[in-house]
Amino acid sequence: MAEYEKIVRKMLKENGCQFKRHGKGDHDIWYNPANGKSVTVDGKIKSRHTANAILKEIGINYHF
């Protein structure tokens, strides 16, 4: 099963998003200064649908 967490974090960095803070458990909060949106990223993303939803929510147009 694919692990999308590393790819999602890499894409967030490449698109100018910034790590904001740690959330509860293994979740992190990321911020996109271009549009002012924040998103929660789980430490273990195993579904491409979840990865796509995170990227869409923060404003990155990419699909796995």
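Scroll up to find the structure this text is about.
So, here's what we can say about the structure. (Residues numbered from 1 in each chain as written. Predicted model: local features only at pLDDT ≥ 70, side-chain atom pairs only at ≥ 80, totals over all residues. Heavy atoms only, no water.)

**Looking at the side chain of Asn32**
Tracing the backbone shows Asn32 in strand 2 (residues 28-32). Those residues within four positions of Asn32 in sequence are excluded, and the remaining contacts are Cys17, Lys37 and Ile58. (Helix = DSSP H or I, 4+ residues; strand = E, 2+ residues; numbered from the N terminus. Contact = heavy atoms within 4.5 Å.)

**Remarks on the pattern of salt bridges**
Close approach of charged atoms allows side chains of opposite charge to pair. Throughout the structure, instances matching the rule amount to 2 salt bridges. A salt bridge links Arg9 to Glu5, with the nearest nitrogen and oxygen atoms 1.9 Å apart. With Arg9 and Glu5 both in helix 1 (residues 5-14) and 4 residues apart, the pair spans about one turn of that helix. On the basis of relative accessibility, which here comes to 15%, the residue Arg9 falls in the buried class. Residue class for Glu5 comes out buried when judged on its relative accessible area of 14%. (Salt bridge = Lys/Arg side-chain N within 4 Å of Asp/Glu carboxyl O. Buried < 20%, exposed > 50% of the residue type's maximum accessible area, 1.4 Å probe, protein only.)

**Considerations on the sheet that holds strand 2**
Strands sit in the order 1-2-3 across an open sheet of 3 strands; the sheet is antiparallel. Two strands close off the open sheet at either side, each with one partner strand: strand 1 (18-22) and strand 3 (37-41). Ignoring which end each strand starts from, the neighbouring axes of this sheet average 30° apart. Looking at chain direction, strand 2 and strand 3 are connected through 5 bridges and run antiparallel. Bridging from a neighbouring strand, Asp28 pairs with Val41 of strand 3. Strand contacts of helix 1: strand 2 and strand 3, with the helix running at about 30° to strand 2, the strand carrying the most contacts. Against the sheet, helix 2 (residues 48-58) engages strand 2 and strand 3, with an angle of about 160° to strand 3. (Pairing = 2+ DSSP bridges. Axes fitted to C-alpha atoms, helices over the stretch in contact; angles between N-to-C directions.)

**Here's the deal with helix 2**
For helix 2, the set of buried residues is Ala51, Asn52, Ile54, Leu55 and Ile58. For helix 2, the buried positions fall inside an angular range of 160° around the axis, keeping them on one side. Turned more than 90 degrees away from the buried face of helix 2, the exposed residues are His49 and Lys56. In this fold, the buried residues of helix 2 make contact with helix 1, strand 2 and strand 3. Its side-chain oxygen placed 3.1 Å from the backbone nitrogen of His49, Ser47 serves as the N-cap of helix 2. (Arc of directions from axis to C-beta. Polar contact = N/O pair within 3.5 Å; in protein donor to acceptor, adjacent residues only side chain to side chain.)

Read these as layout, nothing more, since geometry by itself doesn't imply function.
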